[in-house]
Amino acid sequence: PFLFCELKQLFNAFLFFIPGLLIGNVHFLPGFLETGIRQKGINTITIGLLSLWSTVLAFIVGSKGVSKRFKFILYVAVLAMLLLMVFSVSRGVLIAFLMSLIISIFIFQKKIYQKVFISIFLACFMTFYISLTVVDKESLKTSSIISEEYREMRRSVYRLTNVDYYINDFKNRMFLWKEAYNLGLESPILGKGAFWYRNIGPSTPHNIFIAVFLTSGFLGLILFLILIVAAYNNIFSLAKEEQF
């Protein structure tokens, strides 16, 4: 159903992502476990994100009053989803999972923690834009010559543990964000229009906040921030509700 009268129904409905992800990707896993190389031709980032979401949902459902057999199945599914997260070879997905896990342990305990969380989010957002303003674009440039060995290792699980990859990739991303930010400053109030986020480097700025600023300016960015804060406030207020 598309309409739910209980949160439990909503969670159970979205659990169907788990068999879908397993059926769609299980045949890739033997090759990945043997080589540690991310598969070509499939969107592993989306797989990682859906696996992260499914892991969280399985934990939520498993923590409710369900039978031991069903709980065991859910936790086996969690292990499978964690494996698919590694299979995606996405550092962003794994970092988001670990941060969410740590934050969720305490964020629902007291309202003051929720207010602190939103304040930190806004402070980080402001710091990010200040850094884009003051950082020297030239200092972010890395070598444009990349060996085949380096390219291959960038698609492997090795990139999850190697510090050099984190530094180089972060500088490359920051360079891209700075480039898009400077372009957005040409029309800072209303932005340059809906298509412009597709005109940057590898098709997008790879950052939703930069993309919104580029297309919709500071006005659109403020509205987007209000939407995020309102969404978090709703999540916090509904966290202990069983009935809509």
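What you are looking at is a predicted structure, and each value in this text was computed from that prediction instead of being measured.

Novice: So what's going on with helix 2 (residues 17-25)? Which residues, and what values?
Specialist: Every buried residue of helix 2 is accounted for by Ile18, Leu21 and Asn25. On an axial view of helix 2, the arc spanned by its buried residues comes to 70°, and they lie on one face. Those residues of helix 2 that are buried lie in contact with helix 3 (29-35), helix 4 (44-62) and helix 5 (68-87).

Novice: How would you summarise the packing of helix 4 against helix 5 if you had to cite specific residues and measurements?
Specialist: When two helices pack together, their arrangement is captured by the angle between the axes and the distance separating the axes. Contact geometry of helix 4 with helix 5 gives a least axis separation of 8 Å together with a crossing angle of 155°. Comparing their axes, helix 5 and helix 4 come out roughly antiparallel. Crossing geometry of helix 4 relative to helix 5 is assigned as left-handed. Contacts from Thr44, Ile47, Gly48, Ser51, Leu52, Ser54, Thr55, Ala58, Phe59, Val61 and Gly62 of helix 4 reach helix 5 at Phe70, Lys71, Leu74, Tyr75, Val78, Met81, Leu82, Leu84, Met85 and Phe87. Looking at the contact of helix 4 with helix 5 residue by residue, the class counts come to 14 nonpolar, six polar and one charged.

Novice: An account of the pattern of salt bridges is needed here, citing residue identities and associated values.
Specialist: In the structure shown here, the tally under the stated rule is one salt bridge. Lys192 serves as the salt-bridge partner of Glu186, at 3.0 Å between the closest nitrogen and oxygen.

Cut-offs used in this document
Residues numbered from 1 in each chain as written. Predicted model: local features only at pLDDT ≥ 70, side-chain atom pairs only at ≥ 80, totals over all residues. Heavy atoms only, no water. Buried < 20%, exposed > 50% of the residue type's maximum accessible area, 1.4 Å probe, protein only. Helix = DSSP H or I, 4+ residues; strand = E, 2+ residues; numbered from the N terminus. Arc of directions from axis to C-beta. Contact = heavy atoms within 4.5 Å. Axes fitted to C-alpha atoms, helices over the stretch in contact; angles between N-to-C directions. Parallel < 35°, antiparallel > 145°, perpendicular 65-115°, else oblique. Left-handed = near helix turned anticlockwise from the far one by under 90°. Nonpolar A, V, L, I, M, F, W, Y, C, P; charged D, E, K, R; others polar. Salt bridge = Lys/Arg side-chain N within 4 Å of Asp/Glu carboxyl O.

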